[in-house]
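# A structural walkthrough
Residues per chain are reported as follows:
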Amino acid sequence: MSAGEIESEFELNELRAAVRGYLDRHVAPLVEPHEATHTFPWEILPALREFGYVGGLVDPADGGDGISFTALAVLMEEAGRCWGSLRTTVNVMTIVPYVLAQTCNEDQKERFLRRLLDVSSRAWIAITESEAGSDAGAMRTRAVREGDSYRINGRKLYITNGASNDIGVVLASTDPARGSKGISAFLVDAAESPYEAIEMRHMSVRATNNCELIFDDVEVPAANLIGAEGEGLRVAMRAINVGRMNMAMGAVGIAEAALAIATDHVKERRQFGRPLAGFQLVQRLIVEAATQIEAARRLGLHAAATLDAGGQGRVECSMAKLFCAEACNSAVTNALQACGGAGLMEEMQIERMYRDVREASIPEGTSELQILNIGKELLGVSALR
Ligand SMILES: Cc1cc2nc3c(=O)[nH]c(=O)nc-3n(C[C@H](O)[C@H](O)[C@H](O)COP(=O)(O)OP(=O)(O)OC[C@H]3O[C@@H](n4cnc5c(N)ncnc54)[C@H](O)[C@@H]3O)c2cc1C
């Protein structure tokens, strides 16, 4: 699982300062207009690539940066601090190259990975279906081999970046009789295998596009099968723990931003003749939020350190995802409450953070599924099957 060498504390601080400075200057001003139009400013991606987003986890031999998981954790925290939609978008754009670098053959890397690393393409990964959410193994999308290609039929739901109409990885069953062991992963290029994407409006991370993808007899070259038939879930699971760590650290970043706004507000606003900050119950809102964020941040960084040490991080990343999602939701709720009515107004931005942090407990495995993952590891008994 190990990515690159672990940077020194000094280097990580420099990375944080550099990326924060860039995001504050160049991306923060884009948030409001893009939230209003539900669009993402894709033109920022080449500059973000320079910090380690997109190619960070890919080995330099494959054209990536080979940064550590801890550095990626810092990047995700800073992305969340700037904008929830940014965190979600760069997560997918970083995870897909990481998966492809580990699982694709040289021809596939040349045709797909290279386009992601030079930031000329956008990617999605499609697993979820209407009848297969937490239970991904129950998917019904079918891929049937016909000569030199596969025909794919089925519908995928809630696919981030799906509207990009570019490239992605779709999971489909090549052998339904084998259940989850009959699921395979395919590279899809919209230019050669057109599919339909229907955008779905959503509550959180509104500047990301989230789609239903419809595969109606879509022909995909057999050369686009990743690995062997039946290895689809293994391909997707390559990045599951990193994805959970990313989601955890993104939630921490969102909560930090909300707390900073609330802290300024309660120091400035006066009621009953004194600043709100002087009231014990307001202090409690702020202190509880700060404590939750600090604990969440440390658990997220611990998960990253576990991955850096070569561990799979199954328990650590699930714990981080579970705790960070729940604690940061609570922290942002406190921050909003401390701002009163102003907290509900768009101008203050906490209402957006409140919506965005809500995402953290659902994709990449819901909080309930994280509990069951951890329970299985700790107790040796699966509550699922
Ligand atoms: C913003 C966003 C982006 C997403 N992006 C992608 C993407 O890019 N690609 C992709 O493939 N998918 C994506 N998803 C889908 C996401 O992975 C699923 O929503 C998630 O896995 C949960 O599945 P579900 O929504 O079908 O919920 P369900 O599985 O129906 O769960 C509903 C509720 O039941 C609970 N539950 C389910 N099973 C159990 C159980 N055994 N025990 C206890 N409780 C249980 C869940 O915890 C949840 O509370 C995205 C979702 C969102 C919201």
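Residues numbered from 1 in each chain as written. Predicted model: local features only at pLDDT ≥ 70, side-chain atom pairs only at ≥ 80, totals over all residues. Heavy atoms only, no water.

## Considering helix α8 (residues 280-308)
Formally: Per the convention used, a helix needs a DSSP run of H or I reaching at least four residues, while a strand needs a run of E reaching at least two, with both numbered from the N terminus. Multiplying 1.5 Å by the helix residue count minus one yields the expected span of that helix. A 1.4 Å probe rolled over the protein chains alone gives each residue an accessible area, and that area as a share of the maximum for its type sets the label: buried under 20%, exposed over 50%, partly exposed in between.
Taking 1.5 Å of rise per residue, the 29 residues of α8 would be expected to cover 42 Å, and the 42 Å separating its terminal C-alpha atoms lies within 8% of that figure. Along α8, the residues classified as buried are Val282, Leu285, Ile286, Ala289, Ile293, Ala296, Gly300, Ala303, Ala304, Thr306, Leu307 and Asp308. Phi turns positive, to about 95°, at Gly310, one or two residues after α8.

## As for the environment of Gln108
Applicable threshold: Whether two residues touch is decided by their heavy atoms; if any such pair falls within 4.5 Å, the residues are in contact.
Looking at the element boundaries, Gln108 is found in helix α5 (residues 106-117). The sequence separation of Gln108 and Ala223 amounts to 115 residues, and the corresponding C-alpha distance is 7.9 Å. Sequence-distant contacts of Gln108, defined by excluding residues within four places in its chain, comprise Leu113, Leu187, Ala223, Asn224, Leu225 and Ile226.

## Remarks on the domain arrangement of the protein
Definition in use: Where a domain begins and ends is set by an automatic assignment or by a domain database. Buried area is calculated as the accessible area (1.4 Å probe) missing from two parts once they are joined, with the contributions of both summed. Salt bridges are identified by distance alone: a Lys or Arg side-chain nitrogen within 4 Å of an Asp or Glu carboxyl oxygen. As used in this structure description, the phrase polar contact means that two N or O atoms lie within 3.5 Å; if the pair is within protein, one of them must be able to donate a hydrogen and the other to accept it, and residues adjacent in sequence are counted only when both atoms belong to side chains.
Domain assignment breaks the protein into domain 1 (9-117), domain 2 (123-229) and domain 3 (239-379). Listed as interface residues are 23 residues of domain 1 and, on the opposing side, 24 residues of domain 3. For the pairing of domain 1 and domain 3, the buried interface totals around 1800 Å² over both sides, and the portion due to carbon and sulfur atoms is 57%. The interface formed by domain 1 and domain 3 contains two salt bridges. A salt bridge links Arg297 to Glu77; its shortest N-O distance comes to 2.8 Å. Between domain 1 and domain 3 we count six residue pairs in polar contact (both at pLDDT 80 or more) in total. Only α1 (9-37), α3 (69-82) and α4 (84-103) provide two or more residues apiece to the side of domain 1 that touches domain 3.

## As for the pattern of salt bridges
Scanning all chains against the criterion turns up 25 salt bridges. Close ionic contact of Asp65 with Arg49 constitutes a salt bridge, the shortest N to O distance being 3.1 Å. Taken together, the positions of Asp65 in the loop between α2 (45-49) and α3 and Arg49 in helix α2 put the pair 16 residues apart, joining distant regions of the chain. Taking relative accessible area as the criterion, Asp65 reaches 32% and is therefore assigned partly exposed. On the basis of relative accessible area, Arg49 is assigned to the buried category, the value being 12%. Here the salt bridges share partners, and the residues they tie into one network are Arg16, Arg20, Asp24, Glu77, Glu78, Arg81, Glu256 and Arg297.

## What about the site of the ligand?
As a reminder of what qualifies: Nearness is judged by heavy atoms alone; a residue qualifies as near a molecule or strand once a single heavy atom is within 4 Å of it. Each accessible area is a Shrake-Rupley estimate made with a 1.4 Å probe; only the visible protein chains count as cover when residues are assessed. For this classification, the nonpolar set comprises Ala, Val, Leu, Ile, Met, Phe, Trp, Tyr, Cys and Pro, the charged set comprises Asp, Glu, Lys and Arg, and every other residue, Gly included, is treated as polar.
Around the ligand, 18 residues are found, and the nearest of them are Ile127, Thr128, Ser134, Thr366 and Glu368. Ser134 has a polar side-chain atom sitting 2.7 Å from an oxygen atom of the ligand. Side-chain polar atom of Glu368 to an oxygen atom of the ligand: 2.7 Å apart, as the coordinates give it. Protein contacts shield 64% of the accessible area of the ligand, which totals 970 Å² for the unbound molecule. Elements with a contribution of two residues or more to the shell around the ligand: β1 (123-126), β3 (149-160) and α12 (367-379). Among the residues making up the shell around the ligand, the classes are represented as ten nonpolar, six polar and two charged. Composition of the shell around the ligand by domain shows at least three residues from each of domain 2 (123-229) and domain 3 (239-379).

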